[in-house]
Amino acid sequence: MTDRAAELAQNLAATRDRIANACKAAGRDPADVLLLAVTKNFPATDVALLADLALTDFAENRDAEAAAKVAEFADLRPTTPVRWSMVGRLQRNKARSVAGWADEVQSVDSARLADALQHAVRASLDRGIRSTKLDVLVQASIDGDTDRGGCPLPDLIALSDHIAGLDTLRLRGVMAVAPLGMPPEEAFDQLATAADQLRTAHPTATRLSAGMSGDLEMAIARGSTCVRVGTALLGSRRLASP
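It should be emphasised that the depicted structure is a prediction, and the values quoted were computed from it without experimental measurement. (Residues numbered from 1 in each chain as written. Predicted model: local features only at pLDDT ≥ 70, side-chain atom pairs only at ≥ 80, totals over all residues. Heavy atoms only, no water.)

### A short note on the nonpolar core
Next up, step 1: Ranked by size, the top nonpolar core spans 69 residues in total, and within it Phe-58, Val-105, Leu-117, Ile-163 and Leu-169 carry the most contacts.
Next up, step 2: In this structure, Leu-36, Val-38, Val-87 and Cys-226 belong to the second largest nonpolar core, which totals five residues. (Core = buried A, V, L, I, M, F, W, Y, C linked by side-chain atoms within 4.5 Å. Buried < 20%, exposed > 50% of the residue type's maximum accessible area, 1.4 Å probe, protein only.)

### Some points on the side chain of Asp-63
Next up, step 1: If you trace the backbone, Asp-63 turns up in helix α3 (residues 63-76).
Next up, step 2: Although Asp-63 is buried, it forms no salt bridge, and the closest oppositely charged side chain is Lys-94 at an N-O distance of 4.7 Å.
Next up, step 3: Side-chain polar atoms of Asp-63 contact the side chain of Trp-101, separated by 2.8 Å.
Next up, step 4: Among residues more than four places away in sequence, those in contact with Asp-63 are Met-86, Lys-94, Ser-97, Val-98 and Trp-101. (Helix = DSSP H or I, 4+ residues; strand = E, 2+ residues; numbered from the N terminus. Lys, Arg positive; Asp, Glu negative; His and termini not counted. Salt bridge = Lys/Arg side-chain N within 4 Å of Asp/Glu carboxyl O. Polar contact = N/O pair within 3.5 Å; in protein donor to acceptor, adjacent residues only side chain to side chain. Contact = heavy atoms within 4.5 Å.)

### What about the packing of aromatic side chains?
Next up, step 1: Summed over the entire model, instances satisfying the criterion amount to two aromatic pairs.
Next up, step 2: Judged by centre distance (5.7 Å) and plane angle (40°), the rings of Phe-58 and Trp-84 are tilted. On the criterion of sequence distance, the pair formed by Phe-58 in strand β2 (residues 57-60) and Trp-84 in strand β3 (residues 83-86) is long-range, its members being 26 residues apart.
Next up, step 3: Phe-58 gets classed as buried once you look at its relative accessible area, which sits at 0%.
Next up, step 4: Seen in terms of ring centroids, Phe-73 and Trp-84 are 6.1 Å apart; in terms of plane orientation they differ by 75°. Their pairing is edge-to-face. Taken as a pair, Phe-73 in helix α3 and Trp-84 in strand β3 lie far apart in primary sequence, 11 residues in all.
Next up, step 5: A relative accessible area of 4% means that Trp-84 is categorised as buried.
Next up, step 6: Chaining the aromatic ring pairs together yields one cluster made of Phe-58, Phe-73 and Trp-84. (Phe/Tyr/Trp six-rings, centres within 6.5 Å; stacked < 30°, edge-to-face > 60°.)

The following block contains the structure:
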């Protein structure tokens, strides 16, 4: 095992322990919390090493970096199935590219973006680039500051209703980041309430993506089913190319 592989194995074990301990404290099953590795600014070789350790779900923040990395990973591990998520803010003009590599987009925050993804996925399906619908999560803006991305909480159900009516997208749930200046506990409490309301309106939209390296325990205590972890798994940021 290389030094990098050993480092990643140690980090992965420690992160899984944190998730297990948080679930135990909350009376939850660790199997109900997905570990989503955020590999922004890290090379495809790191993704390959994590996949060798049986990690199956990866996320990117920028389309250009992601598209190249997904292709490189496929060359490195052609028989290893993984899922890719887009978790960064997405512009409508990138919808076509994202539809070519992403299994899921967690950052849908407007009807216009949803419509752009709908058309892009339809084109990808028609051309045989993809064979399945695109899973999407609505990104919520807990503090209502949409300049940082996200749909204000009062508008969440209306946006979710719109997405549910699009035939190439599958509404899976809600995602958010705890805002700067707001205690994470308060932010995740508000998000949990919004997620409950979303599940009432759309019973299959059960996913709650919340919590990162610094606050995953607080998110799990409030019902998160997906934690997005970068630094705790991969260390300090480095260039995407080896």
